[in-house]
Amino acid sequence: MLTLAPSDIQRAYDSAAQDSRGDVRELIPEFFTSPEFLENFSGLELGVNAGGKRIQDVQLPPWAKQDPLLFITLHRQVSLPVPFRHSAC
């Protein structure tokens, strides 16, 4: 299972989609139901990334407009079959 510390979803997706070394990842249920897991509400010190930038909330793709609820909603719409879209809420 992929454990994604708050960082950059696009970088994680690119790694899984383009890496031909058999890197298999599975999304946890929170990617479909819980926008709060994408934000560091507690202000935990999560360190810095390779570029020296402090890690805080998950960096969402541009289409999510840095809105975790919008990310979860749109992600669920394109990822789940129709019967599960409403029951996953």
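A quick note: this is a predicted structure, and the numbers were derived from the prediction, not measured.

Draft legend 1. Inspection of the confidence of the model for the protein at higher detail. Summary statistics for the protein give a mean pLDDT of 79 and a share of 75% for residues scoring 70 or more. The spread of mean pLDDT over the elements of the protein runs between helix 4 (residues 82-87), the lowest at 60, and helix 3 (residues 68-79), the highest at 90. Ignoring residues within four places in sequence, the model shows residues 1-6, a span with pLDDT below 50, making 13 contacts including any to other chains.

Draft legend 2. Broad picture of the environment of Gly43. Counting through the fold element by element, Gly43 comes out in the loop between helix 2 (30-33) and helix 3. The sequence separation of Gly43 and Gln56 amounts to 13 residues, and the corresponding C-alpha distance is 7.6 Å.

Draft legend 3. View of unusual backbone geometry. The phi dihedral of Lys65 falls on the positive side, at around 55°, and the residue is not glycine. Tracing the chain through its elements places Lys65 in the loop between helix 2 and helix 3. A positive phi is found at Gln66, a non-glycine position, where the angle reads about 55°. Relative to the helices and strands, Gln66 is located in the loop between helix 2 and helix 3. Given a relative accessible area of 43%, Gln66 falls into the partly exposed group.

Draft legend 4. Expanded view of the packing of aromatic side chains. Applying the stated criterion to the full structure yields three aromatic pairs. Relative to Phe37, the ring of Phe31 has its centre 5.1 Å away and its plane inclined at 75°; by these criteria the two rings are edge-to-face. On the accessibility criterion, Phe31 (6% relative accessible area) is buried. For Phe37, a relative accessible area of 26% translates into the label partly exposed. Taken together, a centroid distance of 5.5 Å and an interplanar angle of 15° make the contact between Trp63 and Phe71 stacked.

About the cut-offs
Residues numbered from 1 in each chain as written. Predicted model: local features only at pLDDT ≥ 70, side-chain atom pairs only at ≥ 80, totals over all residues. Heavy atoms only, no water. pLDDT = per-residue confidence, 0-100. Helix = DSSP H or I, 4+ residues; strand = E, 2+ residues; numbered from the N terminus. Contact = heavy atoms within 4.5 Å. Buried < 20%, exposed > 50% of the residue type's maximum accessible area, 1.4 Å probe, protein only. Phe/Tyr/Trp six-rings, centres within 6.5 Å; stacked < 30°, edge-to-face > 60°.

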